[in-house]
Amino acid sequence: MAVLPILEFEDTIVETVAANPVVVIIGETGSGKSTQLSQILHRRGYSKKGMIAVTQPRRVAAVSVARRVAQELGVRLGDEVGYTIRFEDRSSDITRIKYLTDGCLLRESLSSMDLNKYSVIILDEAHERSLNTDILLGLVKRLVSLRGSNLKVLITSATLDGVKVSKFFSNCPVLNVPGTLFPVEKLYSKERPTNYIESSLKTVLDIHTKEQPGDILIFMTGKDDIEKMIKKLEERIMELEEGSCMDAVVLPLHGSLPPEMQVRVFSPPPPNCRRIIVATNIAETSLTVDGVVYVVDSGYVKQRQYNPSTGMYSLDVVQISRVQADQRAGRAGRTQPGKCYRLYPYKTYLEEFLDATIPEIQRSSLAGTVLYLKSLDLPDLDILRFDFLDRPSRESLEDALRQLYLIDAIDEDGVITQIGRKMSELPLEPSLSRTLIEANELGCLFEALTVAAMLSAEISVNSARSKGDPRKRKKPISPLPDGSGFGDHIQLLQVYESWDRAGFTADWCIDHDIQVRGMMFAKDVHKQLRQIMHKMAKDPAEVDLAPKRRRREEDYRKLRRALCKGYGNQLAERMLHHNGYRSIGFRSQLLQVHPSSVLKGDEDGVLPDYVVYHELIATPHPFMRNVCSVEMAWAVPILRKLEKLDVNKLSGASDVRKEVTGVADEVNISNKEVSVEKDVGDKIRAARERYLARKGNKS
Ligand code: CDP
Ligand code: MG
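Residues numbered from 1 in each chain as written. Chains lettered and ligands numbered in written order. Predicted model: local features only at pLDDT ≥ 70, side-chain atom pairs only at ≥ 80, totals over all residues. Heavy atoms only, no water.

In this section: the nonpolar core. General note: in soluble globular proteins, nonpolar side chains tend to be found buried as a group. In this structure, Ile155, Phe169, Leu436 and Met519 are the most contacted members of the largest nonpolar core, which totals 115 residues. No other element matches the nine residues that helix α18 (residues 445-456) contributes to this core. Apart from residues no more than four positions distant in its own chain, Ile155 is found in contact with Val22, Val23, Val24, Ile25, Leu123, Ala126, Leu137, Val165 and Phe169. Counting 29 residues, the second largest nonpolar core, distinct from the first, contains Val54, Ala62, Val69 and Val177. (Core = buried A, V, L, I, M, F, W, Y, C linked by side-chain atoms within 4.5 Å. Buried < 20%, exposed > 50% of the residue type's maximum accessible area, 1.4 Å probe, protein only. Helix = DSSP H or I, 4+ residues; strand = E, 2+ residues; numbered from the N terminus. Contact = heavy atoms within 4.5 Å.)

A separate point is helix α15 (residues 394-406). Under the 1.5 Å per step criterion, the end-to-end length of α15 is 18 Å for 13 residues, consistent within 8% with the ideal 18 Å. Taken across its 13 residues, α15 has 11 buried, putting it largely inside the fold. Two residues or fewer after α15 comes Asp408, characterised by a positive phi angle close to 70°. (Expected span 1.5 Å × (residues − 1).)

Let's shift gears to the packing of aromatic side chains. Throughout the structure, instances matching the rule amount to 14 aromatic pairs. With a centroid separation of 5.2 Å and 65° between ring planes, the pair formed by Tyr188 and Tyr346 is classed as edge-to-face. Note that Tyr188 is positioned in strand β9 (residues 184-188) and Tyr346 in helix α13 (residues 346-352), a separation of 158 residues in sequence. Given a relative accessible area of 30%, Tyr188 falls into the partly exposed group. For Tyr346, a relative accessible area of 44% gives the class partly exposed. (Phe/Tyr/Trp six-rings, centres within 6.5 Å; stacked < 30°, edge-to-face > 60°.)

Let's shift gears to the sheet that holds strand β16 (residues 338-342). With respect to topology, six strands assemble into an open sheet ordered β9-β16-β13-β10-β12-β11, the strand pairing being parallel. The open sheet has two edge strands with one neighbour each: β9 and β11 (247-253). The mean angle between the axes of side-by-side strands here comes to 20°, regardless of whether they run parallel or antiparallel. As judged from the seven bridges shared by β11 and strand β12 (residues 273-279), these two strands associate in the parallel manner. (Pairing = 2+ DSSP bridges. Axes fitted to C-alpha atoms, helices over the stretch in contact; angles between N-to-C directions.)

Take the packing of helix α17 (residues 430-442) against α18 next. Contact pair α17 / α18: the axes reach a minimum separation of 8 Å and the direction vectors enclose 165°. Our classification of the angle between α17 and α18 gives roughly antiparallel. The chirality of how α17 crosses α18 is right-handed. On the side of α17, the interface is formed by Leu432, Thr435, Leu436, Ala439 and Asn440, while α18 contributes Leu445, Ala448, Leu449, Ala452 and Leu455. Across the contact of α17 with α18, the residue classes break down as eight nonpolar, two polar and no charged. (Parallel < 35°, antiparallel > 145°, perpendicular 65-115°, else oblique. Left-handed = near helix turned anticlockwise from the far one by under 90°. Nonpolar A, V, L, I, M, F, W, Y, C, P; charged D, E, K, R; others polar.)

Attention now moves to the site of ligand 1. Around ligand 1, 14 residues are found, and the nearest of them are Gly30, Ser34, Thr35, Asp290 and Arg334. In this structure, Ser34 approaches ligand 1 through a side-chain N or O atom, which is 2.7 Å from an oxygen atom. In this structure, an oxygen atom belonging to ligand 1 sits 2.6 Å away from a side-chain N or O atom of Arg334. Within the complex, 95% of the 530 Å² of free accessible area of ligand 1 lies under protein. Broken down by secondary-structure element, the contributors of at least two residues to the shell around ligand 1 are α3 (33-43) and α4 (59-73). If one sorts the elements of the shell around ligand 1 by residue count, α3 sits on top with three residues. A class-by-class count of the residues in the shell around ligand 1 yields two nonpolar, seven polar and five charged. Mapping the shell around ligand 1 onto the domain boundaries places at least three of its residues in each of domain 1 (5-177) and domain 2 (184-361). (Near = heavy atom within 4 Å. Polar contact = N/O pair within 3.5 Å; in protein donor to acceptor, adjacent residues only side chain to side chain. Areas by Shrake-Rupley, 256 points an atom, 1.4 Å probe, with all protein chains shown as cover. Domains from an automatic or database assignment.)

Right, let's talk about the pairing of strand β21 (residues 622-630) for a bit. Along any regular strand, the residues point their side chains to alternate faces of the sheet. Most of β21 sits inside the fold, with seven of its nine residues counted as buried. Here strand β19 (residues 590-593) pairs with β21 via two bridges, running parallel. Each residue of the ladder has a partner; that of Gln592, found in β21, is Phe623. Summarising the sheet, strand β20 (residues 610-618) and β21 pair through eight bridges and their orientation is antiparallel. Across the sheet, the residue bridging to Val611 is Ser629, located in β21. The turn joining β20 and β21, which pair antiparallel and follow one another in sequence, is formed by three residues.

As a packed pair, α3 and α4 sit with axes 9 Å apart at the nearest point and diverge in direction by 50°. With respect to α4, the axis of α3 lies oblique. The two elements α3 and α4 cross, and the hand of that crossing is right-handed. On α4, the residues touching Ser34, Thr35, Gln36, Gln39 and His42 of α3 are Val65, Arg68, Val69, Glu72 and Leu73.

At the metal site, the magnesium ion (ligand 2) is ligated by Ser34 (OG) and Glu125 (OE), and these contacts range over 2.0 to 2.5 Å. Highlighted residues: Ser34 in helix α3 and Glu125 in the loop between β6 (118-123) and α6 (131-147), separated in sequence by 91 residues. (Donors = N, O, S within 2.8 Å, 3.2 Å for Na, K, Ca; no water.)

What follows deals with the environment of Leu7. Within the secondary structure, Leu7 is located in helix α1 (residues 5-8). Through-space distance from the C-alpha of Leu7 to that of Ser31 is 8.7 Å; in sequence the pair is 24 residues apart.

Here we take up the side chain of Glu284. Within the secondary structure, Glu284 is located in helix α11 (residues 282-285). Residue Glu284 is classed as buried on the basis of its relative accessible area, which comes to 6%. Side chain to side chain, Glu284 and Gln324 meet in a polar contact 3.3 Å long. When neighbours within four sequence positions are excluded, Glu284 is seen to be in contact with Thr29, Phe219, Gln324, Gln327, Arg328 and Arg331.

With that out of the way, let us pick up the pattern of salt bridges. Counted under the stated rule, the structure contains 36 salt bridges. A salt bridge links Arg43 to Glu10, with the shortest nitrogen-to-oxygen separation between them at 3.0 Å. Of this pair, Arg43 sits in helix α3 while Glu10 sits in helix α2 (residues 10-19); the two residues are 33 residues apart in sequence, bridging distant segments of the chain. By relative accessible area, which is 14% here, Glu10 ends up buried. (Salt bridge = Lys/Arg side-chain N within 4 Å of Asp/Glu carboxyl O.)

Shown next as structure tokens:
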């Protein structure tokens with residue numbers, strides 16, 4: 001096999017790194033950045049004084065690249081070469097090269113601000129512009145001046161605008177490693193297909209029956225599409241006349257693939273057999289599959305976007321950017337000239353696609369990030385003025401500050417509280433960390449951990465059911481607990497507890513039509529969260545981790561109360577004379593309970609007056625997903641806090657208003673505050689009146 005391009009530049013790289021604290025390295029996907037740079041620096045002695053850290057935005061990439069490097073060095077994974085991803089650590093005292101997700105490195109920097117155990121930090125895949133890598137860029141910039149010559153930073157990317165990053169790091173050198181890409185012929189569709197799955201299917205079958213040997217890589221938008229596509233492809237390939245073309249094997253490639261399936265994609269194909277790999281955009285740059293000659297590009301990608309003005313997430317299928325389209329095409333020309341079938345017209349590529357993908361920091365909820373920054377205790381930190389490569393919108397920063405304030409992580413002057421500090425130590429989103437801390441106070445920590453673990457493992461109990469072929473089942477699906485009418489969090493708790501009582505068996509999961517792997521993961525997360533809570537406590541008596549074996553309504557009530565604290569920013573009130581809810585706070589909007597929810601009304605079918613929700617999704621109407629009923633008395637303190645809120649103070653600089661926003665903005669903001677105060681006051685009054693009226697009715 002040809003030498004990887006990175007290796008041909010080994011001497012130049014080593015010299016440049018020796019002479020500079022920060023170096024940007026730009027090279028084609030597949031040139032060896034992820035697997036070779038760490039090994040080069042290891043060989044040259046950089047791992048003697050400290051470890052070499054390589055960050056990856058994606059968990060799968062961290063694991064797969066670490067596995068590959070361990071293999072190349074002939075060591076056991078977890079020994080000299082290891083990895084750390086959230087809830088899974090395969091590294092040890094003798095680890096010299098450690099692959100980790102960017103989120104994990106951020107977390108490590110909390111307990112060791114200067115990241116002293118690392119002599120080299122490689123921020124890999126920087127072009128992905130993941131939220132955490134962007135924050136790391138800002139953090140590492142501070143570290144470089146702090147640690148001087150005993151830290152080397154490499155920033156690598158396939159497509160990143162090197163000049164921009166170089167400027168950010170006071171004009172550090174940029175090394176361009178030319179790849180050995182073969183020409184790729186691009187074939188465009190006349191128009192956008194109405195159904196891109198069908199259209200991809202047809203294109204693939206055409207290639208398979210008419211073109212020369214060579215693997216096919218198809219870009220789909222997500223796991224569901226991939227599964228649909230694979231099923232159809234396998235059917236159609238079976239129908240092809242025997243001997244009319246070569247054999248084919250169809251393989252999926254996406255982020256939630258079990259490890260044994262990933263290995264299949266990276267192992268060599270059987271002889272005389274074409275591999276057809278159906279992937280998400282993970283195959284664009286993070287993972288390289290050898291042997292691809294044909295690429296089928298639908299031109300779409302699934303993107304999670306957060307809208308700070310509505311607090312709502314949407315998972316949209318959107319058009320890719322031109323940079324992405326070129327990356328996808330490039331995958332076809334790694335070993336020989338290739339072809340890329342673009343299922344869109346050239347005009348679309350040229351006129352409709354954005355130049356580059358919008359960085360995640362500009363489309364995410366930033367509560368976790370802002371809490372992290374606050375917990376670092378950086379001197380002179382004003383969140384609204386932190387040194388970002390690309391600044392998130394003021395609106396999303398304010399949204400984050402508000403949320404943190406409402407759940408007591410920061411005080412009204414924007415200073416991080418004791419609660420906020422504890423929260424930042426937990427590897428969970430702020431709402432769940434806050435819930436755990438409150439649950440500990442209320443004596444239901446074990447149960448809250450269960451809910452947090454189930455949510456982290458993304459177990460969806462109701463929507464996944466009834467898929468699959470019922471005829472394949474020997475037994476009918478056993479019914480699940482129903483949350484006792486209190487909603488989905490309580491149901492998640494009950495599901496886990498039933499599984500616990502059944503001895504955590506796989507059979508139980510199968511009988512109840514729940515993913516075994518997901519439940520096993522939840523169990524593991526539960527254990528780790530317990531350990532973290534124990535470690536955090538100065539005195540063991542501070543954490544009460546005894547599970548309640550005999551469940552009573554009062555225990556559910558405590559748990560719901562803890563959840564109400566954590567979801568202070570995600571509170572909704574039932575509207576009178578209307579079948580729905582209205583969100584409380586700055587964003588007054590109409591909401592529906594997601595159809596998959598088990599939240600139930602009372603005898604008359606009337607839903608609870610107040611609920612909290614885990615997330616809002618636009619599909620396209622605002623739905624609350626994972627809903628839990630709460631009591632008005634718990635909501636009132638949160639409404640009170642809303643009255644006092646001044647977002648400029650929260651940002652951490654009292655003079656920020658004058659300096660940053662200018663006059664026009666100032667007027668705008670104060671108007672908003674006035675209207676909100678009035679709004680909240682009205683709400684509390686209205687709620688109280690209703691409450692009293694109901695009480696009156698009952699007595
Ligand atoms: O990071 P970059 O895209 O520059 O390349 P890389 O991930 O270091 O991959 C270099 C080569 O290693 C690729 O051509 C793959 O053939 C191989 N590789 C592999 O076989 N299995 C992996 N899990 C990762 C890389
Ligand atoms: Mg890479």
